[in-house]
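# Architecture and fold: a report
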Amino acid sequence: MLSCDICGETVTSEPDMKSHLLIVHMENEVICPFCKLSGVNYDEMCFHIETAHFEQNERERNFERINTIQYGTSDNRKDSTLQSRMEVNSSIHSACASNHPKISAQSLPKDATLKHKDLYSDNLTESRKFLKSKGKQCDQTKIKESIYETMYSAPECPFCGKIEDCSQDMETHVKIKHANLLDTPLEGCDQPLYDCPMCGLICTNYHILQEHVDLHLEESSFAQGMDRVQCSGDLELAHQLQQEEDRKRRSEESRQEMEEFQKLQRQYGLDNSGGYKQQQLRNMETEVNRGRMHPSEFHRRKADMMESLAMGIDDGKTKTSGIMEALYRYYQNAATDVRRVWLSAVVDHFHSSFGDKGWGCGYRNFQMLLSSLLQNDAYDDCLKGMSVPCIPKIQSMIEDAWKEGFDPQGASQLNNRLQGTKAWIGACEVYTLLTSLRIKCRIVDFHKSTGPLGTHPRLFEWILSYYSSEREGSPKVMCTSKPPIYLQHQGHSRTVVGIEERKNRTLCLLIFDPGCPSRDMQKLLKQDLEASSLKQLRKFVGNLKHKQYQIVAVEGVLSSEETAARRQDSQIFTAEKIP
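These numbers come from a predicted model, not from an experiment.

Packing of helix α13 (residues 391-403) against helix α15 (residues 427-436) leaves a shortest axis separation of 9 Å and a crossing angle of 75°. It follows from the interaxial angle that α13 and α15 lie roughly perpendicular. The residues of α15 that touch α13, namely those facing I394, M397, I398, A401 and W402, are E429, T432, L433 and S436. Looking at side-chain class alone, the contact of α13 with α15 contains six nonpolar, two polar and one charged residues.

The following block contains the structure:
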């Protein structure tokens with residue numbers, strides 16, 4: 001009885017064995033067990049499995065890069081092959097145990113039989129490769145002879161090519177010299193191993209490793225090329241997106257800046273929407289349309305306005321006189337909670353009208369200050385023949401001061417033009433106008449808080465010192481000859497006409513507000529003035545919490561030389577700062 005060394009099938013005679021080898025192992029087609037690739041020779045199939053199906057081969061508990069090639073056989077032949085391989089594996093174990101006493105069946109893992117069996121089948125697979133190549137070159141007779149010679153000639157190692165005298169010696173050689181292909185390496189094996197630096201695959205031949213690494217490098221080079229193309233495209237797209245984002249951002253910033261600029265122009269009356277005259281007419285027309293003003297009243301007021309503008313004198317329709325006298329009487333007869341009070345010189349109250357509502361507070365406060373100076377004999381030389389001017393006239397007077405050389409920086413900020421606009425004026429413009437009229441004054445800038453919670457107690461102390469420095473004595477009510485003080489803060493201005501010292505030693509300013517209408521101010525003229533009526537005038541330290549306050553205080557008359565010197569100083573405008 002003869003047993004096939006390839007599949008383990010048993011036949012009765014040598015001719016039957018040759019027929020078996022030809023039919024079963026030579027005529028069948030080599031097929032990849034993973035993707036069913038066919039039509040290639042044995043070497044090409046081995047290389048295909050090692051490179052294309054390495055991961056699947058690993059999952060099959062391999063390092064069997066050659067023996068995974070399957071042949072199209074029946075189920076019965078597969079079973080007989082498995083049985084035969086188990087028998088061969090048993091002989092391998094016996095040979096290894098006899099040659100290497102340290103290795104025994106008990107020292108091997110339970111699945112070592114199958115793993116060693118698979119390795120041994122590698123040797124048989126080499127025989128198949130040889131048979132396959134021989135079958136393609138010879139006729140049928142020569143094939144049978146070569147098969148016989150292969151089966152019964154001296155065996156050759158499929159790994160290193162060494163020829164042994166018998167199969168048992170070859171088995172021993174494979175187990176000893178090529179044990180690195182097994183899961184459990186044998187002691188004493190010094191065969192060099194080559195690890196793939198990229199994927200960790202173990203190779204026993206340097207040339208195979210080189211081919212394997214070359215495949216990695218080709219794949220890596222292709223991937224890097226694709227990455228560079230993708231990266232270049234991504235960078236270009238990112239650059240385009242960034243440029244578009246920057247363009248939109250600049251456009252949005254430009255739009256916001258323009259909106260803010262236009263808002264400031266409207267807020268400060270520089271939007272070319274007309275001045276006092278145009279606003280007065282529009283507002284009166286609105287009143288007529290709403291039924292609040294009779295058309296005849298509209299025409300009468302329009303005529304009065306045109307006459308006032310022509311003469312440059314305020315028509316007095318927003319003026320309230322006699323308030324300072326009424327305050328003097330009240331403090332003399334009442335105000336039991338007040339220890340002392342200082343009042344400015346006589347001053348008239350002016351409030352905003354249809355023509356300057358929303359922007360004319362600075363002009364109205366100048367009118368209040370000028371009304372006091374006009375009633376003070378000390379300023380007759382400076383203001384001889386002058387009356388309280390209307391707002392357009394005040395604008396013209398400031399423009400004239402700019403033309404004389406006062407405050408060129410302020411003039412530039414307002415485009416050297418006030419007439420016909422609703423431009424706001426502040427402490428600098430009031431100082432400029434008074435100085436051009438030869439009236440001595442000073443600007444004091446309380447540029448930051450000097451008390452808790454954003455208050456300005458130093459401002460109150462300065463005003464007290466201003467009014468109390470004129471006369472000694474201790475009467476309860478002090479009527480001074482000091483003009484009122486122009487008080488400016490962000491968005492509004494008012495006029496300080498006195499200061500109270502309370503019995504608890506706190507200070508309280510008395511302030512005229514141009515935003516307060518005449519009907520409210522006239523309540524102060526009553527004989528039986530009540531303390532509640534003064535609520536609109538009184539401002540305690542806790543009531544003034546703006547970040548910055550500026551005051552313009554009148555101190556006398558300038559000579560021509562002093563006026564010229566101050567005009568020169570105003571080229572770079574500076575103010576006294578406290579603190």
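Between I578 and the following residue, P579, the backbone shows a cis peptide bond with an omega angle of 0°. Assignment of secondary structure puts P579 in the segment after β17 (576-577). A positive phi is found at R505, a non-glycine position, where the angle reads about 75°. Mapped onto the fold, R505 is located in the loop between β13 (492-502) and β14 (507-512). What makes R505 exposed here is its relative accessible area of 53%.

What follows concerns the environment of L414. Tracing the backbone through its elements, the reader meets L414 in the loop between α14 (408-413) and α15. Considered as a pair, L414 and I425 are 11 residues apart in the sequence and their alpha carbons are 9.4 Å apart. With near-sequence residues (within four places) excluded, L414 lies in contact with L270, W402, A423, W424 and E429.

The subject of this paragraph is empty space enclosed by the protein. Under the definition given, this model contains three cavities of 30 Å³ or more. The volume enclosed by the largest cavity comes to roughly 70 Å³. In terms of lining, the largest cavity is formed by Y276, Q280, M305, S308, L309, D314, D315, R364, C390 and I391. Contributions of two or more residues to the lining of the largest cavity are made by α9 (276-289) and α10 (295-311). If one sorts the elements of the lining of the largest cavity by residue count, α10 sits on top with three residues. When the residues that make up the lining of the largest cavity are grouped by side-chain class, the tally is five nonpolar, two polar and three charged.

Attention shifts here to helix α16 (residues 457-468). Counted at 1.5 Å a residue, the expected span for α16 with its 12 residues is 16 Å, and the 16 Å between its end C-alpha atoms agrees. Residues of α16 that are buried include every one of L459, F460, W462, I463, L464, Y466 and Y467, and no others.

Next up on the list: the pairing of strand β10 (residues 439-446). In terms of residue burial, β10 counts as a mostly covered element, since six of its eight residues are buried. The pairing of β10 with strand β16 (residues 549-557) spans eight bridges and is classified as antiparallel. Bridge pairing links R442 to A553 in β16. Both β10 and β17 contribute to a ladder of two bridges, which runs parallel. Note on β17: the bridge partner recorded for D445 is K577.

Bringing the confidence of the model for the protein chain into the picture now. In regions of low pLDDT, the predicted coordinates are not meant to be interpreted in detail. Residue-level pLDDT values for the protein chain average 80, and 75% of them are 70 or greater. In this model residues 61-141 is a low-confidence stretch, pLDDT under 50, and it forms 132 contacts with partners more than four residues away in sequence or in other chains. In this model, residues 182-189 is a region of pLDDT below 50 whose contacts with residues beyond four sequence positions or in other chains number 18 contacts.

This next bit is on the side chain of T432. Assignment of secondary structure puts T432 in helix α15. Every residue in contact with T432, bar those within four places of it in the chain, is listed here: A401, W402, F406, D407 and F573.

Any two side chains of opposite charge can pair, on the condition that their charged atoms come close. Under the counting rule described, the total for this entry stands at 21 salt bridges. Between D314 and R364 there is a salt bridge, and its shortest N-O distance comes to 3.3 Å. Taken together, the residues span a long stretch of sequence, with D314 in the loop between α10 and β7 (319-320) and R364 in helix α12 (residues 361-374) at a distance of 50 residues. You can call D314 buried: its relative accessible area is 14%.

Calculation rules
- Residues numbered from 1 in each chain as written.
- Predicted model: local features only at pLDDT ≥ 70, side-chain atom pairs only at ≥ 80, totals over all residues.
- Heavy atoms only, no water.
- Axes fitted to C-alpha atoms, helices over the stretch in contact; angles between N-to-C directions.
- Helix = DSSP H or I, 4+ residues; strand = E, 2+ residues; numbered from the N terminus.
- Parallel < 35°, antiparallel > 145°, perpendicular 65-115°, else oblique.
- Contact = heavy atoms within 4.5 Å.
- Nonpolar A, V, L, I, M, F, W, Y, C, P; charged D, E, K, R; others polar.
- Buried < 20%, exposed > 50% of the residue type's maximum accessible area, 1.4 Å probe, protein only.
- 1 Å grid on protein atoms, 1.4 Å probe; cavity = no way out; pocket = protein on both sides within 12 Å on 5 of 7 lines; lining within 4 Å.
- Points joined across faces, edges and corners; volume = space filled by probe spheres on them.
- Expected span 1.5 Å × (residues − 1).
- Pairing = 2+ DSSP bridges.
- pLDDT = per-residue confidence, 0-100.
- Salt bridge = Lys/Arg side-chain N within 4 Å of Asp/Glu carboxyl O.

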